[in-house]
Each structure stands twice: as C-alpha cells, then as structure tokens.
Amino acid sequence: MRLRLSYDDRSAAILVFPVLAVLLVVAAYPILYSFWVSLHDIVLTRPLRRPFVWFENYERMLGDARFHTAVLRTTVYTVVTVTVTTVLAVGVALFLNESFRGNKLLNALLLLPWATPSIVNGLMWKWIYDPTYGLMNALLVKLGLLDSYRAWLGDPDLTLFLISNAAIWKQMPLAALLLLVTMKAIPDDLYRAAKVDGATVFQRFVHVTLPALKPGLMLVLVYETMISIRHFDLFLIMTQGGPGDASYTLSWLIYVETFRSLRFGTGAALSYLLAMLTFLLSWLVIRALGERNA
Amino acid sequence: MAAITLQGVTKRYGSVTAVQALDLAIHEGEFMVLLGPSGCGKTTTLNMIAGLEEISDGTLLFDTTDVTRLPPHKREVAMVFQSYALYPNKTVAENIAFPLKLRRVPKAEIERAVAGVAEQLELTPLLGRRPNQLSGGQRQRVALGRAIVRQPSVFLMDEPLSNLDATLRLSMRSLIKRLHHQLKATFVYVTHDQAEALTLADRIAVMRGGVVQQLDTPEGIYERPANIFVASFLGSPQINLLREGLPRPDWVAEGRDVIIGLRPEDVARPGEGLATLGGRVELVSPLGSETQLEVALSGGSVTLRVPKDWRVREGEALEFGVDPARLHAFDAATEQRIAP
Amino acid sequence: MARRLMLALFSALFVLYVAGPVLWLLSSSLQMESEITAVPPNWLPPHPGLHNFSAIFSAGDSAEYVNRGIAGFLPSGAANLLPSLYNSLQVGLWVAALNLVFSLTAAYAIAVIDFKGRRATLYTVLATRVIPDIALVVPMFLVIRNLGLINSLGALVVTYLAVTVPFTIFILISYFEGIPRDLYRASRIDGCGHWGALRHVYLPLSLPALVAALMFAFLTSWNEFLFALVLTQNVAAQTLPIIIAGFVMDFTTSFSFVNAAGVIAILPPVLLAVIFQRYIVSGLTAGAVKG
Ligand SMILES: Nc1ncnc2c1ncn2[C@@H]1O[C@H](COP(=O)(O)OP(=O)(O)OP(=O)(O)O)[C@@H](O)[C@H]1O
Ligand SMILES: [Mg+2]
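What you are looking at is a predicted structure, and each value in this text was computed from that prediction instead of being measured. (Residues numbered from 1 in each chain as written. Chains lettered and ligands numbered in written order. Predicted model: local features only at pLDDT ≥ 70, side-chain atom pairs only at ≥ 80, totals over all residues. Heavy atoms only, no water.)

**Student:** Residue-level account of a nonpolar patch on the surface, with values.
**Tutor:** All names here are of chain A. Together, Phe35, Trp36, Phe52, Trp54 and Phe55 make up an exposed nonpolar region whose accessible area comes to about 550 Å². Relative to the helices and strands, Phe52 is located in the loop between α1 (7-38) and α2 (56-62). By relative accessible area, Phe52 is classed as partly exposed at 34%. (Patch = residues over 30% accessible without salt bridge, like charges linked within 9 Å, V, L, I, M, F, W, Y side chains within 5 Å. Areas by Shrake-Rupley, 256 points an atom, 1.4 Å probe, with all protein chains shown as cover. Salt bridge = Lys/Arg side-chain N within 4 Å of Asp/Glu carboxyl O. Helix = DSSP H or I, 4+ residues; strand = E, 2+ residues; numbered from the N terminus. Buried < 20%, exposed > 50% of the residue type's maximum accessible area, 1.4 Å probe, protein only.)

The structure is reproduced here in structure tokens:
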C-alpha cells in the first residue's frame, strides 16, 4: 500500500530534507558521537587501545585543578564581558536613539567592529597593548596617566580584562543595534505621558525605557553569554592561556587537552561540560530577568 | 462542467470546529452566496472548496470527481480576495497574464486575452501600472480580471467588495452580476452583507457557527426563514419578534409556546381581512421615501415601516392592520419555523 | 545648546572608540618597519605608502623578499597569504550560495506549509543554533578525519553550513511571515505549486532578507577561525584567519607586515557591511522585535 501523504506533506518533506540532512550529519551526529567518545579513554598517540571508561573522563576533569581554574577564569571573563557589553550597548543605543545630524553615519560606523574578523581583532589589540611600540602605553604616558611603559598582557591581574576589552569592542555593536530596534518600537506616547506626569529624564529611563527594553535586553544578555563563554580566537592570538594560567579558560583547556595533548576522550567530556554550563547560564539569566518582572 | 458538492465537510483547527458536517450541493452555473456573521466559517468553507485549507472530514466533489485531496493548483478554480492580493512586483498586465503564463499559453494568445479582459473591465489605460499606483476599485477590477482571464468554470469570491466605498460597491455589484451572466460559470460568493446576498444570489446558504441554517432562494430565505436566527439576520430593520401582543396565525396549534415575527414593512391601514393592532407611537424617523416608527404594543415595542403619507406624530395613538398570512411563527423552545 | 555640546562630545568619543583601533591598524600598515618601531609611535604615517601590501602581493614571485632591509622581515609563510585569501573567498562564496539554497526551501516550508512535523523541524533547526561550536569541534574533527576529509575545503563548507543555516532560516522565516498570506493563496489559485509560490511570490518579495542572509553567511565563513584551525592542517587548504594567526604567533614576523595582512582581512567584510548596511541592520534585528 502506498503511504498516503498529502501534497503539502510531500512538498514539505522535499523542501526541508536537504537542511535536515546537513544538520543531522554536521550537528546532531557529531553531538551524539562526541558523547560516545567522551565515555572512552582515547588518546590519539595511542590509536589502538581506546577502552570504554564510563564517566571516568568527567570525574577526572571535575577533580582536576586546571578545570577549576578554567571555570573560574571563564566565569570572570564572561561576567565582565557580558556586563560591560550590555551597559555600553544601552548607552550607545540611548545615544543613537536621539535624533541629530550625523546619526546615520555613526550608525553605519557601528558595523565596523561587527564586521572585523576576530583574528584581526585580536591582532589589532595585541598591537595596541604592545609593551614597546603599542598605542596604549604611548597614549597613557602622553596623558600623564602612566609613568613608564608596561607589558600589559604580561600582567596576570590585567590579562583577562584586556582580552575582554577586545571582545567588548567587537560585540557591543550588535547588542546596541538590537537594543536600538527595541527602543525605536517604544511608542512616543509613553514618553509624553511620563513627561506630563512630571517625570525627570532619569525617571523616564527607569520607568519607561527600561521595562520596554526588557525583551531586547533579555535577548542581548542570553546571546552575549552564549557567545562569550565559548570565546577562543582571542585567547589563542593574544595570550595562549598565559601568563601562567591567568587566561586559562574552558575553551582553551578543551583546545589544549584535545589538540595539543591529543586526549580526545577528556576533550569531548569537557566540551559536554561547557555546553551544559552554557545552557545553565543562559537559563539562569532568563530566570533572573523573568522573575524580577513577574 | 462544474457542479460542486460538499458532503459532510468538516474543518477542525485543533479543538475548534470551524465548519461542522456541511452538506451543500451547488448547481452548475449557479450563483451561490454564503452569508453569515463574522467567524461563522464562510471563509473556511470557501478555502476548502479552493483547496487552500485541508478538509478534516467529508467529501468534496466537482461534478462527479472527488477532489477532496486535490491541491489548489490542480482544481482549476478562480478566486477573488477581499485584500485583492495583487502581486506587488508585477504590473497590471503581468498580474492578469500570470495564470495563463503558468499554463504555458502561447505569448500571442496571452496578449490577446489580457487585452480582451482589460477592455471588458476598463483597465486598458492602467495595464502598465503597478498595484500600488491603483485605487481600491481599480485593484479589485484587476483581481477580477486575473480571475476571469482563465475562463474558469468555478469562481470563488471572499467578500470582494467589503473594502470599497458604498457607491463603488454598487457598481461593482452589478459588474459581478453581469460577469456571471456572461461567463455562465458557477459562482460561490462569501459575504456578511445581506443586501449583496439578496441582489446577487440564485441561492443563499445562511451559516452560523459552522453550520448551514438554511439553504434557499433569496425570496425563500426572506419570506420563509427557517428559524429565528435567519429571520433576524436578514431584513433591515430587523424583524419584530414578540411572544405576546401579535395575533397568532391560525396554523399554530392552541397552547403551543411560540414567538411571532412581523417584518416591519408588513403593515397597512386597518382594513378588510386584516388583524387590527393599536399602540402608542414612541419614535418617528422619516427616511424620505417612507417613515420608520417605533410603536409600543401590549407585548412590547415594534419597529414599522410605513408610507410617508401616514403622517403620524410621536405620542399619538396609532391603529394599523396586519395580514395574518404574512406573520411568521417560531417555536419558542427550538426557535424553528412553524410552517403554515 | 548644552544638548548639542553633549551630543558632539559623545559623537567624538563614539568615533574614537569604534574607529580608533582600526584607524591605528591602518596607519601602522602604511608605515615602514623602521617607522612603526619608533618610540613614541607615529600617530600618522610619516611617509605613507603601500610597500607592505605590495610585499604581500609579490611574496610569491622571488626569494629576495625574505629580508627587505629597512622594511623588516617577511615570514617564510608570506607566500601563503594570497592562496589563503583565495581559499577564504572560495569557501565564503560557496557557503553563501549553498546556505541560501538550503535555507530558502526549508524556511519556506516552515513558514508557509502546514505539514506534519512542522514544529519538530523548527525546533531541530533552532536547537542546533544553541550548541556552542567549541563543543562541535572535537567530534567534527574526528568525523572528518575518519572520512579522510581533513584539508578539504568541502568539509569546511559543509561545517560552515551547519553554523549559518539555522540563523538564515530564522531570518527568512520571520521575513516570510510578514508577506501577506493572501498573496500565497492567490498564487496557488492561479496555478502555482509550492515551487511556484516560492519562486513567484516569496523569492521576489524577500530580496532584502536574501541579501542579508548572503552577507551573514559570507562574513561568518570569512571570519571563522576555530573550525578552520582544526579541520585544515596544510597551508594549501588554510583560510586567511589561520595564516594571519600564524604570522601573529611567529615572532620573526615584522609588525608592519602583520598589520597589513590584518587590513587585507578586514577590507572585504567591511566593504560588504558598508555597501549592504541597510539590509544587514534589518536582517540582524529581524527576529529581535518579535522574539
Ligand atoms: N487557522 C486557524 N486556526 C484556528 N482557528 C481558526 C483558524 N482559521 C479560522 N479559525 C476559526 O474558525 C472559525 C471560522 O473562521 P472563518 O474565517 O471561516 O470565518 P468567516 O465566516 O470567514 O468570518 P469573517 O466574516 O470574519 O471573515 C472562526 O471561529 C475562527 O476563529
Ligand atoms: Mg472571512
């Protein structure tokens, strides 16, 4: 008997098949496969022996000091990056929401950091932070804020924040654009009503803009968190986890474990832990924002 | 080549039943109007005939062919939408030519057909324009043109005139009527405007909550409404419905609990063979050709339409005659018509 | 008056922050190695010239480039830069084109057709969007290595499709839903099947979204680093970001050269962003207001 599918069902099947096939092969299968790998002790330098070890990889990593450091670094980096990006983006969006001459031009300029490849972003800031020839030293000394040149990225207390600064520069524009769109959708009447009620500029921001901005803010926070937590490119280019372990994040640990030590089992286990951490954090952000307004 | 038969056709959206076991036989060449209040399932029915909505249950026949599962592009029906639905990126000529182009009609023939349709609908000077450069009435004529250029045997129209102003609506109404005579196609026309339904239809199907209440000629629907809903949906002003105060027609059994209906225009000066009623005139609204009155009777107040030479004044008592044969009786419990 | 002063001040700060770093990169790329290593640095190039760029574009020609005297050292890998540029271009164009073909049909089906499994399909697509790519890298590497496809640009293209397609579908769906449903109905009545409706209604009416989608796909693959790093190991198959990252980590490379390479990598995406600015902003924010 022929399976009786309607014309719609048949057409839809043909239309979505290619995408589902690609996603299945390139996303779903690797995800499942990687879970399988994470249950094995696989070291590429020892290709023939790859025993099944249950959750040993997870246990070992959860007890590993490097893992603890990496979680700490990743958390600090993510929190700083997301917070500063968002605050800066709100400011920029408020500024660009004003109507003034040249507004359009500044809007277009926002796409510059967004379009910059992350590798170039890393190279650029590394050059700016350069201990001898860099712009940062020169500028700060010239402004009288600094006595003598410093090796910025070599300072373990600063490294993470300096990398974060580069990330913020690139990520802020998209966040600002998203917030700007949300802001533009706020009806003018709301502001007019608030004005009539005698609200100050600040009160208007807190009572009108901020609540209306919530969906946009939520999107930005979740998105930025998911992006920042997995940052890798900047760390490879700028510090390679150093100095010492000052910028040793989870992504970096995964990379080192997998592609330098060639321990794919633990690498896969770490990837899973990172994915779960990502989901957990995004979920917490959604929860926290959701509750405050409930 | 196009009688349309719906047998127990049902449409469900999840738990909502939009159309309930609809039986409807539309004859070839007939002008069928689906009439009913908003949300009663008219559009859904039309879309199911077109193939734009899947039929949840039941059978749809074109003549004797089962088309229940046939996708719309295989059904050879034409349709006109309330929103006109002209392709914004195509000119008027391209819009009209589109159905023929899809059917790979030779270019010369398409041009001839488009020119002919444009002539017929007075669109010739507009052929090079785009939809956003047209007025509402012009857009609707283009939509009509796009439908008739294929010379289809089935025409579906979903409230095609409701976005037009009153004058334009009248002239479009007669245009559609003319088209029906010329094309001899089967028309299924959806509207919630009773005047449109009464002037255009060969037969009207009055719907409510996804169920057909009555299927009849305009005259039949108006003169012999099947139930209270149909009686009050058609007629302006609405039919007067009273439990008491109006004479009981003689075909109604004694003691039966009934509601009596009186159309506002079914009144005359008291006279031979008429039942005489009396009451106080509460409101007089002159409408030019006639006068509309609100008269308080013993069982309630009624609206009447009387010739303007009656010269009544508010506050006065009025006596008028009613032909018992023209009264409508409905069972008070079932709301169904009690036929003579 | 105060407001105008404030706005001017903010504008200046804004331009300085957003464009400053790139301008300095540009300025550095136009200087000789001796000028760039001056302390304190030259804010503007004393003798602006394209010598660094011409060195890159002639790096393949002869051996004499290795020591350019005052211009500083070129890394031995300098000759790889042009081929990698070509690789990046190739991958980017393929990804952009295929991404559109795949996403267009799927987005149409999800947005327009009411089919069994519509929700499941939508959620599958959205779910792949939230997987961190670092979590995908390890298994992808193993899968592609087992298939013997390391160093193949094709493997890179397919991988980037998985990254870009969900996003494109997301953009297109929200755009398609804004196209009046009656237009779709009219086209079906006029005789279009689903292919016809896609071709005659949705395709011509969603050009802005399509342009945006093309841009994103191209930019994403042009800028992508992690997968490229892991999935390509010989220079013939590597993309621009990998080669440039190699220069940065090679301490013998002259700064002026690295900066010029950076400018070359920045140029195509920035040009595209400027040209298609309108589409990109509307595309980027398409789902933001609704979702
Ligand atoms: N896609 C849908 N999902 C769920 N319910 C629907 C859907 N489309 C229509 N309905 C419901 O089905 C019923 C009939 O709708 P339909 O559009 O056929 O009404 P209509 O008679 O054309 O009304 P109107 O005069 O307002 O156009 C309504 O109650 C409507 O809410
Ligand atoms: Mg309707």
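Having seen the model, we can carry on.
**Student:** Requested: an account of the site of ligand 1, with residues and values cited.
**Tutor:** All names here are of chain B. Contacts to ligand 1 come from Tyr13, Ala18, Ser38, Gly39, Cys40, Gly41, Lys42, Thr43, Thr44 and Glu159. Within the backbone of Cys40, a nitrogen or oxygen atom sits 3.2 Å from an oxygen atom of ligand 1. Protein contacts shield 59% of the accessible area of ligand 1, which totals 640 Å² for the unbound molecule. Ranked by residues supplied to the shell around ligand 1, first place goes to helix α1 (residues 42-50) with 3 residues. When the residues that make up the shell around ligand 1 are grouped by side-chain class, the tally is 3 nonpolar, 5 polar and 2 charged. (Near = heavy atom within 4 Å. Polar contact = N/O pair within 3.5 Å; in protein donor to acceptor, adjacent residues only side chain to side chain. Nonpolar A, V, L, I, M, F, W, Y, C, P; charged D, E, K, R; others polar.)

**Student:** For the sheet that holds strand β1 (residues 4-13) of chain B, give the residues involved together with the corresponding values.
**Tutor:** Hydrogen bonds between backbone groups are what pair the strands of a sheet, and the pairing can be parallel or antiparallel. Residues and elements named next belong to chain B. Spatially, 4 strands are ordered β2-β1-β4-β5 in an open sheet, and the strand pairing comes out antiparallel. In this open sheet, the two edge strands, each paired with only one partner strand, are β2 (16-26) and β5 (65-66). As paired strands, β1 and strand β4 (residues 57-62) are joined by 5 bridges and run antiparallel to one another. Looking at β4, one finds that Thr5 is bridged to Leu61. Along the sheet, α1 makes contact with β1, β2 and β4, crossing β1 at roughly 120°. (Pairing = 2+ DSSP bridges. Contact = heavy atoms within 4.5 Å. Axes fitted to C-alpha atoms, helices over the stretch in contact; angles between N-to-C directions.)

**Student:** Summarise the packing of helix α4 (residues 136-148) of chain B against helix α5 (residues 166-183) of chain B; cite the residues concerned and give the values.
**Tutor:** Residue and element names in this part refer to chain B. Packing of α4 against α5 leaves a shortest axis separation of 11 Å and a crossing angle of 10°. Put simply, α4 runs roughly parallel to α5. In this structure, α4 uses Gly137, Gln140, Arg141, Leu144 and Ile148 to contact α5, whose residues at the interface are Leu168, Met172, Leu175, Ile176, Leu179 and Leu183. Within the contact of α4 with α5, the residues separate by chemical class into 8 nonpolar, 2 polar and 1 charged. (Parallel < 35°, antiparallel > 145°, perpendicular 65-115°, else oblique.)

**Student:** Outline the domain arrangement of chain B, supporting the account with residue identities and numerical values.
**Tutor:** Residues and elements named next belong to chain B. Splitting chain B by domain gives domain 1 (4-232) and domain 2 (239-331). Placing a centre on the C-alpha atoms of domain 1 and another on those of domain 2 gives a separation of 39 Å. In terms of surface lost to domain 2, no three residues of domain 1 exceed Tyr222, Ile228 and Ala231, which account for 65% of the buried area on that side. Here Glu223 makes a salt bridge to Arg326, at a shortest N to O gap of 3.1 Å. Linking domain 1 with domain 2 are 4 residue pairs in polar contact (both at pLDDT 80 or more). Counting residues per element, the ones that place at least two in the side of domain 1 that touches domain 2 are α7 (218-223) and α8 (228-233). Here the side of domain 1 that touches domain 2 is built from residues that sort into 5 nonpolar, 2 polar and 1 charged. (Domains from an automatic or database assignment. Buried area = accessible area lost by both parts, 1.4 Å probe.)

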